[in-house]
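What the coordinates show
Chain by chain, the residues run as shown.
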Amino acid sequence: MASSLALPSTSTKSSSLCQSFVPKRTHQPSFVSCERSEPVNGKPRVPIINDGTLPKFLQAKRLENAVSRNNSRLKIFTGTANPSLSQEIAWYMGFDLGKVNIKRFADGEIYVQLQESVRGCDVYLIQSTCPPANENLMELLVMIDACRRASAKTITAVIPYFGYARADRKTQGRESIGAKLVANLITEAGADRVLACDLHSGQSMGYFDIPVDHVYCQPVVLDYLASKKISSNDLVVVSPDVGGVARARAFAKKLSDAPLAIVDKRRQGHNVAEVMNLIGDVKGKVAVMVDDMIDTAGTIAKGAALLHQEGAREVYACCTHAVFSPPAIERLSSGLFQEVIVTNTIPAMEKNYFPQLTVLSVANLLGETIWRVHDDCSVSSIFQ
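Just so you know, these numbers come straight off a predicted model, no measurement behind them.

**Here's the deal with the overall build of the chain**
Scanning the chain from terminus to terminus reveals 9 helices and 16 strands. Going through the 384 residues of the chain one by one, you find that 55% of them count as buried. Restricting the contact set of the chain to residue pairs at least 6 apart, pairs at least 24 apart contribute 69%. When the accessible surface of the chain is totalled, it reaches about 16700 Å², and 50% of it is carbon and sulfur.

And the structure:
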């Protein structure tokens, strides 16, 4: 990396939250530094840790769970949207994934059958509504229904990426509020609780008539940035639009109250953005752009171009959900970004790899959250 940076270290609670895609239960992965300078065979750099590097509050839970898992009434099942993340979560929690048969009929209808009893169990269904969004959403609903009809005690829908959260209000006449509709569907299907990561807007939690645990993935990205050597005097956090200012301000606060800049844009249509102005000073700075998702990358790419015009030395892009709809890859790999840092709430497909991409895992974070929900412990204390 061209820059040399020294960010303050984040809390020990977040330092466990960077790991590889699929840790093996029979073979512990070796530790790899978060600062690998070159990608391997064009694939994204994936910082990983092993059990020996987990902080005590996570390591102790991991070992405790591995010992007592056979006596638990907790069951974890996964849909087909992101099985690798589900496997990591189960590994962290000391469980094997529940057996379930999911298939499609010739006409596309979804069939779900649980292959083990869940009567009286607390069931956690892990399924993102990533592309194909409607297929994965329907699969989640059918899984919830199968668990309800199998007499599960409680059903928690773990949705790392809740795709319909963008349709959270009416900005024009005769628009639907898709987030409310999907919330009703999940509730009526039989879910007792929802666990979601970095919703597009917090108000989406209010659309559910059941409890919602909102998980923030910032600790994962902050932990990775803290491994770099960026001087805090050279750092500025940038919100790519006015709507993300609260998110960027919270991110900047965790980086020793780094200064904040805002890209002011005028959106002319869905997935079409026009950058208009920059509020703040980025000249000679390392700019870290923070957003909840990257879809077509139009907003963040035009924002990065503006930052370079205003004299930014380097630009990093950080987001939780890597939707990467075309032409996102072309925009992100065009040389505007020093690095694009995302998490695996949406599976990273090999066709979307490019040299600047870094994928961080949220498996430990979600696994710890599930345990705290199951044990009736505080979830918000993870992020303090």
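**Examining the packing of helix α2 (residues 83-93) against helix α9 (residues 363-374)**
Their axes nearest at 8 Å, the elements α2 and α9 cross at an angle of 55°. The angle between the axes of α2 and α9 places the two elements in the oblique class. The element α2 and its partner α9 pack so that their crossing is right-handed. Across the interface between the two elements, L85, E88, I89, Y92 and M93 from α2 touch A363, N364, L366, G367, E368, I370 and W371 from α9.

**Side note on helix α3 (residues 133-149)**
Helix length check: α3, at 17 residues, gives a terminal C-alpha distance of 25 Å against a target of 24 Å (1.5 Å per residue), a fit within 8%. Those residues of α3 that sit buried are N136, L137, E139, L140, L141, M143, I144, A146 and C147. Its buried side turned inward, α3 meets β2 (74-78), β3 (100-104), β4 (110-114), β5 (122-126), β6 (154-159) and α4 (178-189). Where α3 ends, the next residue or the one after it, S151, has phi of about 70°, a positive value.

**Quick word on the nonpolar core**
I89, M93, V237, F251, V288, I341 and L366 are the most contacted members of the largest nonpolar core, which has 47 residues in total. Shared between two domains, this core holds at least three residues of each, these being domain 1 (71-215) and domain 2 (218-361). Setting aside residues no more than four positions away along its own chain, I89 makes contact with I126, A363, L366, G367 and I370. By size, the runner-up hydrophobic cluster in this structure holds 35 residues, among which are C121, I159, A179 and Y207.

**Let's talk about the pairing of strand β10 (residues 235-239)**
Counting buried residues in β10 gives 5 out of 5 residues, a clear majority hidden from the surface. Of the two faces of β10, the one carrying L235, V237 and S239 and the one carrying V236 and V238 are both buried. Sheet analysis places β10 next to strand β13 (residues 286-294), joined by 4 bridges and oriented parallel. When the bridges of β13 are listed, V236 appears paired with A287.

**Observations regarding α2**
In an α-helix, one turn spans 3.6 residues; hence positions three or four apart end up facing the same way. For α2, the tally of buried residues reaches 8 of 11 residues, placing the bulk of the element in the interior. Taken as a whole, α2 has its buried residues at L85, S86, E88, I89, A90, W91, Y92 and M93.

**Some thoughts on the sheet that holds β5**
In spatial order, the strands read β2-β5-β6-β7-β8; together these 5 strands make up an open sheet with parallel pairing. Here the strands that pair on one side only, and so sit at the sheet edges, are β2 and β8 (212-215). Mean inter-strand twist for the sheet, computed between neighbouring axes without regard to direction, equals 20°. When strand β7 (residues 193-197) meets β8, the two strands line up parallel, connected through 4 bridges.

**Here we look at the side chain of Q218**
Looking at where Q218 falls in the secondary structure, it is placed in helix α5 (residues 218-226). Relative accessible area serves as the criterion here: at 16%, Q218 is assigned to the buried category. For Q218, the contacting residues outside a window of four places in its chain are R247, A250 and F251.

**Remarks on the pattern of salt bridges**
Following the criterion strictly, the structure yields 13 salt bridges and no others. E139 is the salt-bridge partner of R104, the closest N and O atoms lying 3.0 Å from each other. Of the two residues, R104 is situated in strand β3 and E139 in helix α3; the sequence distance between them amounts to 35 residues. Residue classification places E139 among the buried residues on the basis of a relative accessible area of 0%. In this structure, the salt-bridge partner of D213 is R193, at a minimum N-O distance of 2.8 Å. In this pair, D213 is assigned in strand β8 and R193 in strand β7, connecting sequence segments 20 residues apart. Under the relative-accessibility criterion, D213 is labelled buried at 13%. In the salt-bridge network here, residues are joined through shared partners; they are R104, E135 and E139.

**Description of the packing of aromatic side chains**
Summed over the entire model, instances satisfying the criterion amount to 5 aromatic pairs. Note on F95 and W371: the rings are 5.8 Å apart at their centroids and 40° apart in plane angle, and the pair reads as tilted. With F95 in the loop between α2 and β3 and W371 in helix α9, this residue pair connects regions lying 276 residues apart in the sequence. An identical accessibility class is assigned to F95 and W371; each is buried. Judged by centre distance (6.3 Å) and plane angle (55°), the ring pair of F324 and F354 falls under tilted. You can see F324 sitting in the loop between β14 (314-322) and α8 (328-332) and its partner F354 sitting in the loop between β15 (339-343) and β16 (357-360), a full 30 residues away along the chain. Take F324 and F354: they sit in the same class, and that class is buried.

Conventions used here
Here the residue index of a chain counts from 1 through its sequence in written order. Note on the predicted model: pLDDT of at least 70 is required for a residue's local features to be given, and 80 or more for side-chain atom pairs to be given and counted; whole-chain, interface and lining totals, by contrast, use all residues. Neither water nor hydrogens contribute to the side-chain values; these are computed over all heavy atoms in the structure. Helix and strand definitions here come from DSSP, where helices need a minimum of 4 consecutive H or I residues and strands a minimum of 2 consecutive E residues; each element is numbered from the N-terminal end. A 1.4 Å probe rolled over the protein chains alone gives each residue an accessible area, and that area as a share of the maximum for its type sets the label: buried under 20%, exposed over 50%, partly exposed in between. Should any heavy atoms of two residues lie within 4.5 Å, those residues are considered in contact. Per-residue and other accessible areas follow the Shrake-Rupley method at a 1.4 Å probe size, with only the shown protein chains counted as cover for residues. Axes, fitted as lines to C-alpha atoms, cover a helix only where it is in contact. Angles between the N-to-C directions of the axes lie from 0 to 180 degrees. Reported orientations rely on four angle classes, namely roughly parallel under 35 degrees, roughly antiparallel over 145, roughly perpendicular from 65 to 115, and oblique for the rest. By definition, any crossing whose near helix is turned counterclockwise from its far helix by less than a right angle is left-handed, and any crossing with a clockwise turn is right-handed. Here, expected helix span is obtained from the residue count minus one, scaled by 1.5 Å. What makes a nonpolar core is a set of buried Ala, Val, Leu, Ile, Met, Phe, Trp, Tyr and Cys residues whose side-chain atoms join them at distances within 4.5 Å. Boundary definitions for the domains trace back to an automatic or database domain assignment. When DSSP finds two or more bridges between two strands, those strands count as paired. For salt bridges, the criterion is a side-chain nitrogen of Lys or Arg within 4 Å of an Asp or Glu carboxyl oxygen. Any pair of Phe, Tyr and Trp rings, taking the six-membered ring for Trp, is counted once the centres come within 6.5 Å. Such a pair is stacked with planes under 30 degrees apart, edge-to-face with planes over 60 apart, and tilted for the rest.

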